[in-house]
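Here's the letter readout for the chains.
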Amino acid sequence: MHGLRASCVFLVVGFAGCTDRSFSPTVPEALDIGTPKTVFAATNRDPLPDGTFGSERADDLSLLELTVSIPPEHKPGSLKFGYTNPNPATEFTMAGRRKFESEASFSARMQQELAKFPSGERDVTVFVHGFNSTQAETAFRAAQLTHDINVPGATVIYSWPSKGKALGYAYDGDSVLFARDGLETLLRKLRTNGTGRIVVVAHSMGGLLTMEALRQIEIKTPGWSAANLGGVVLMSPDLDVDVFNSQMQRFAEVPQPFLIFVSQKDSVLTLSQRLRGLDGRARLGNLNNIEDISELPVEVIDTTAFADEAESQHFVAASSPALLALLNGARETAQTFARDQDRLRRILPGQIIVRDNVISVALESPVSDNR
């Protein structure tokens, strides 16, 4: 077991060490080749002299507009990062960076972006990244996911100060606690800026950050989350189940829909368990028994069946072409996150099957009428 654990760590570190991920240049010419995607950003990373943002922590939030060039050869579920010398024909490339000098200018520019959509589609998707992520990678992933699912409205990333290194797990864990206030500030400001529904999508360790931020919002303003959020989606959350249950107890009312994407083939969460000495205890993101959270008003989507063909087993919902095809067939965002019956069937129009108390998404005919 010790040998396996060491091998896993070695593979993760070795892979991450093959590429310099610390810098992604701005290449405006990439838009002559690729498709532009606007990604707004709020970050409490430290600003660097070259205009980018690093891994150290900053006291204030910086507000940005990033333009990502999506390569013409892009296929749903695939994400090829453009680093030091990007190839815009095949790689996601940073094509523009702009820092706003005031909240008013940030808000005005976002309203301008939202005005491109019909009144019922002016929602804001806030993406909260996970462990071992740089700011450019977070922008690329948010652009890829919202592009592949054809999500209308504005995309905002909350870029908290991850070390962006495989051996930065402890640093990132502390940064999650540091970043809670910033996420609360962002969500409250977005709501007061006259936007439509706000949908929070969090991945991996970002799920812990999101839950901590919402918990403290609920302590200060009971009922705020349900009244102001149009949905919460936790994808592969690296979060202890007991901690999650405790966090949920603080909600006066849980925002709906509240979706949790899980997979039993998530090797990163398996490693997270082992690093904590919890070999037999699942994280929320690889939960295999819904009874652990059965009393909560949440819906679990088991993506295990899609893991083998996904580009990332730790982010099946964003990197499985088949699952993305299902997600892309969902109704418009305004309808998808409406608060009425049968929410899960509208976000995933494929067959919904219940096996062993876990809701699964499948392409075959249903074997149970339980829902």
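Numbering of residues starts from 1 in every chain and runs along the sequence as written. At least 70 in pLDDT is required for a residue's local features to be given in this predicted model, at least 80 for side-chain atom pairs to be given and counted, and no such filter applies to totals for whole chains, interfaces and linings, which use all residues. Values reported for side chains reflect all heavy atoms of the structure, with hydrogen atoms and water molecules removed beforehand.

(A) Up close: the overall build of the chain. Under the scheme used here, helices are H or I runs from DSSP no shorter than 4 residues and strands are E runs no shorter than 2 residues, and both carry numbers assigned from the N terminus. A count of helical and extended segments in the chain gives 13 helices and eleven strands. Burial classification: accessible surface area is computed with a 1.4 Å probe over protein chains only, and a residue below 20% of its type maximum counts as buried, one above 50% as exposed, and the rest as partly exposed. Put simply, the chain has 371 residues, and 56% of those count as buried. Note on contacts: a residue pair is in contact if any heavy atoms of the two residues lie within 4.5 Å. Long-range contacts, defined here as pairs at least 24 residues apart, represent 74% of the contacts in the chain between residues at least 6 apart. Here the chain has roughly 15800 Å² of accessible surface; of this, 51% comes from carbon and sulfur atoms. Exposure was quantified through the Shrake-Rupley algorithm and a 1.4 Å probe, taking into account, for residues, occlusion by the shown protein chains and nothing else.

(B) Structural detail: the packing of aromatic side chains. Aromatic pairs are defined between Phe, Tyr and Trp rings, using the six-membered ring for Trp, whenever the two ring centres lie within 6.5 Å; interplanar angles under 30 degrees are classed as stacked, those over 60 as edge-to-face, and all others as tilted. The tally for this structure, following the rule as stated, stands at eight aromatic pairs. Ring geometry for Phe92 and Phe140: centres 6.4 Å apart, planes at 55°, overall tilted. Separated by 48 residues along the polypeptide, Phe92 in the loop between β2 (53-70) and β3 (93-99) and Phe140 in helix α3 (residues 135-149) bring together distant segments of the chain. As far as burial versus exposure is concerned, Phe92 and Phe140 are alike and both buried. On the basis of an interplanar angle of 80° and a centroid distance of 5.5 Å, the ring pair of Phe100 and Phe106 is categorised as edge-to-face. Each member of the pair, Phe100 as well as Phe106, carries the same accessibility label: buried. Among the aromatic residues, those joined into a ring-pair cluster are Phe81, Tyr83, Phe92 and Phe140.

(C) Region of interest: the nonpolar core. Remark: nonpolar core denotes a set of buried residues (Ala, Val, Leu, Ile, Met, Phe, Trp, Tyr, Cys) joined through side-chain atoms within 4.5 Å. Phe244, Phe258 and Ile293 are the most contacted members of the largest nonpolar core, which has 50 residues in total. In this view, Phe244 contacts Met211, Leu234, Leu239, Phe258, Ile260, Leu284, Ile293, Leu296 and Val298; residues no more than four positions away in its chain are not counted. In this structure, Ala136, Leu145, Leu259 and Ala307 belong to the second largest nonpolar core, which totals 35 residues.

(D) Representation of the pairing of strand β9 (residues 299-302). Here β9 shows no split at all, with Glu299 and Ile301 on one side and Val300 and Asp302 on the other all buried. The criterion for strand pairing is that DSSP finds at least two bridges linking the strands in question. Note that strand β8 (residues 258-262) and β9 share four bridges and pair parallel. Considered in β9, the bridge of Ile260 is made with Val300.

(E) Spatial organisation of the pattern of salt bridges. Salt bridges are identified by distance alone: a Lys or Arg side-chain nitrogen within 4 Å of an Asp or Glu carboxyl oxygen. Counted by the stated rule, this structure contains 16 salt bridges. When the shortest N-O distance is used, the salt bridge between Glu113 and Arg109 registers 3.3 Å. Taken together, the residues span about one helical turn, with Glu113 and Arg109 both in helix α2 (residues 103-114) at a distance of four residues. Here Glu113 matches Arg109 in class, with each residue buried. In this structure, the salt-bridge partner of Asp240 is Arg281, at a minimum N-O distance of 3.5 Å. A residue pair is termed long-range when its members are at least 10 positions apart, and Asp240 in the loop between β7 (229-235) and α8 (241-248) and Arg281 in the loop between α9 (267-275) and β9 qualify at 41 residues. Salt bridges sharing common partners tie together Glu65, Arg98, Arg109, Glu113 and Lys116.

(F) Representation of empty space enclosed by the protein within the structure. Cavities and pockets were defined on a 1 Å grid built over protein atoms only: a cavity is a set of grid points that admits a 1.4 Å probe from which the probe cannot escape, a pocket is an open set flanked by protein on both sides within 12 Å along at least five of seven lines, and lining residues are those with an atom within 4 Å of any such point. Grid points are joined across faces, edges and corners, and a volume is the space filled by probe spheres set on the points. Taken as a whole and judged by the stated rule, the model has one cavity of 30 Å³ or more. Empty space within the largest cavity amounts to approximately 40 Å³. Surrounding the largest cavity, Met235, Ser236, Phe261, Val262, Ser263, Thr303, Val316 and Ala317 form its lining. Of all elements in the fold, only β8 and α10 (316-319) reach the threshold of two or more residues within the lining of the largest cavity. Looking at the lining of the largest cavity, its residues break down into five nonpolar, three polar and no charged. Residues are grouped as follows: Ala, Val, Leu, Ile, Met, Phe, Trp, Tyr, Cys and Pro are nonpolar; Asp, Glu, Lys and Arg are charged; every other residue, Gly included, is polar.

(G) A look at the confidence of the model for the chain. The score called pLDDT rates the predictor's confidence residue by residue, from a low of 0 to a high of 100. The share of residues in the chain with pLDDT of 70 or more is 82%, and the mean pLDDT across the chain is 84. Averaged pLDDT values over the elements of the chain bottom out at 36 in helix α1 (residues 2-16) and peak at 98 in helix α6 (residues 205-220). Predicted confidence is poor over residues 1-17, with pLDDT under 50, and the contacts of this stretch with residues over four places away or in other chains come to 14 contacts. In this model residues 330-371 is a low-confidence stretch, pLDDT under 50, and it forms 93 contacts with partners more than four residues away in sequence or in other chains.

(H) Spatial organisation of the pairing of β2. The element β2 is largely enclosed, with a buried count of 13 among its 18 residues. Here strand β1 (residues 35-47) runs beside β2; their pairing, made up of eleven bridges, is antiparallel. Bridge pairing links Val39 to Leu66 in β2. What sits between the antiparallel neighbours β1 and β2 is a turn of five residues, in which Gly51 has the positive phi angle 95°. With six bridges connecting them, β2 and β3 associate as antiparallel partners. Each bridged residue has a counterpart across the sheet, and for Glu65 the counterpart in β3 is Arg98.

(I) Fine view of the side chain of Asn286. For Asn286, the location among the structural elements is in the loop between α9 and β9. Polar contact is the term for a pair of N or O atoms within 3.5 Å; when the atoms are in protein, one must be able to donate a hydrogen and the other to accept it, and sequence-neighboring residues count only if both atoms are side-chain atoms. Within the structure, Asn286 has its side chain in polar contact with the side chain of Gln273 (distance 2.5 Å). What Asn286 contacts, discounting residues up to four positions off in sequence, is Ser263, Gln264, Leu269, Thr270 and Gln273.

(J) Region of the structure containing the environment of Leu114. Position of Leu114 relative to the elements: it lies in helix α2. Put simply, Leu114 and Thr195 are 81 residues apart on the chain and 8.2 Å apart in space, counted from C-alpha to C-alpha.

(K) Just the environment of Tyr171, in detail. By the secondary structure assignment, Tyr171 is in helix α4 (residues 169-178). For the pair Tyr171 and Pro161, spaced ten residues apart in sequence, the C-alpha to C-alpha distance is 9.1 Å. Side-chain polar atoms of Tyr171 contact the backbone oxygen of Ser55, separated by 2.7 Å.

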